[in-house]
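As a plain string of letters, each chain reads:
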Amino acid sequence: MIDKPAAPASPWETWPLDKEIVIARVVDGDRETVFQAWADPKQIVQWFGPEGFQIESHEVDIRANGVWRFDMIAPDGTRFSNRMAFLRIETPVLIELDHGRDVDNDPDRFRLLVTFDEQDNGKTVVTLRQMHPTPERRAAVIGFGAVEFGTQTLNKLADHVAGKAGAAAVRG
């Protein structure tokens, strides 16, 4: 018998639930299309962010060890700096990244795991799992509306994918 080294434990396996936020949405599109809407720099800027917000990219490299630096601009013009540092991408299954302000060593950054699960009916379940550094930080982001904003973002993703499907049907 040969002993195999144990795979390193995933932080997702042991992360306390009082630090986690989970948001999910069924998107009417196949997994590859939905994944590409997230992984393609030209597409993500078209739908990412809450309702009424615009995205201004400064640097975008969506791949393992890549970075997306951008401002999210609120309807009132307020700018929120963001940095996503991509850790792992498994096409078309998942994207894992650290997300925070566009500063080095942001103490409030969180780990985000985005998974894409295809259903038998051709739709895709997109799940966002956020691991926040402390229960207090989780409570703070819930307090300022992060769950609603995340839901709005996934709704915009679904609308984007539906628009692409409609455009393909017209071209078809």
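Heads up: the structure comes first, above all this text.
The structure displayed is predicted, hence computed values, not measured ones.

Caption draft 1: Geometry of a negative patch on the surface. On the surface, Asp30, Glu32, Glu118 and Asp120 cluster together into a patch of negative charge. Structurally, Asp120 can be placed in the loop between strand 6 (110–118) and strand 7 (124–131).

Caption draft 2: Structural view of the sheet that holds strand 1 (residues 20–27). Pairing is antiparallel in the open sheet, where seven strands are placed in the order 1-7-6-5-4-3-2. Edge strands, defined here as strands with exactly one partner in the open sheet, are strand 1 and strand 2 (54–60). When strand polarity is set aside, the average angle formed by the axes of neighbouring strands in this sheet is 25°. Together, strand 1, strand 4 (79–90), strand 5 (94–100), strand 6 and strand 7 form the strand contacts of helix 2 (residues 31–39), whose direction differs from that of strand 6 by roughly 155°.

Caption draft 3: How the structure looks around the nonpolar core. Residues Trp38, Phe48, Ile95, Val126 and Leu157 are the most contacted members of the largest nonpolar core, which totals 34 residues. Once you skip the residues sitting within four places of it in the chain, Trp38 turns out to touch Ile44, Trp47, Phe48, Ile62, Ile95, Val114, Phe116, Leu128, Leu154 and Leu157.

Caption draft 4: Structural context of the side chain of Thr127. Secondary-structure assignment places Thr127 in strand 7. On the accessibility criterion, Thr127 (15% relative accessible area) is buried. Among all residues touching Thr127, those that are not within four sequence positions of it are Val22, Ile23, Ala24, Leu113, Val114 and Thr115.

Caption draft 5: Structural view of the pattern of salt bridges. Within this structure, the stated rule accounts for 14 salt bridges. For the salt bridge of Arg83 with Asp104, the shortest nitrogen-to-oxygen distance reads 2.9 Å. With a gap of 21 residues between them, Arg83 in strand 4 and Asp104 in the loop between strand 5 and strand 6 connect regions that are remote in the sequence. Using a relative accessible area of 60% as the deciding quantity, one classes Asp104 as exposed. For Arg137, the salt bridge goes to Asp108, with nearest N and O atoms at 3.8 Å. Residue Arg137 is found in helix 4 (residues 135–143), and its partner Asp108 is found in the loop between strand 5 and strand 6; the two are separated by 29 residues along the sequence. Asp108 sits in the partly exposed class, given a relative accessible area of 29%. In this structure, a network of salt bridges that share partners links the residues Glu59, Arg69, Arg83, Asp102 and Asp104.

Caption draft 6: Layout of the environment of Asp120. Taking relative accessible area as the criterion, Asp120 reaches 88% and is therefore assigned exposed. With 90 residues separating them along the chain, Asp120 and Asp30 place their C-alpha atoms 9.8 Å apart.

Rules of the game
- Residues numbered from 1 in each chain as written.
- Predicted model: local features only at pLDDT ≥ 70, side-chain atom pairs only at ≥ 80, totals over all residues.
- Heavy atoms only, no water.
- Patch = residues over 30% accessible without salt bridge, like charges linked within 9 Å, V, L, I, M, F, W, Y side chains within 5 Å.
- Areas by Shrake-Rupley, 256 points an atom, 1.4 Å probe, with all protein chains shown as cover.
- Salt bridge = Lys/Arg side-chain N within 4 Å of Asp/Glu carboxyl O.
- Lys, Arg positive; Asp, Glu negative; His and termini not counted.
- Charge placed at Lys NZ, Arg CZ, Asp CG, Glu CD.
- Helix = DSSP H or I, 4+ residues; strand = E, 2+ residues; numbered from the N terminus.
- Pairing = 2+ DSSP bridges.
- Axes fitted to C-alpha atoms, helices over the stretch in contact; angles between N-to-C directions.
- Contact = heavy atoms within 4.5 Å.
- Core = buried A, V, L, I, M, F, W, Y, C linked by side-chain atoms within 4.5 Å.
- Buried < 20%, exposed > 50% of the residue type's maximum accessible area, 1.4 Å probe, protein only.

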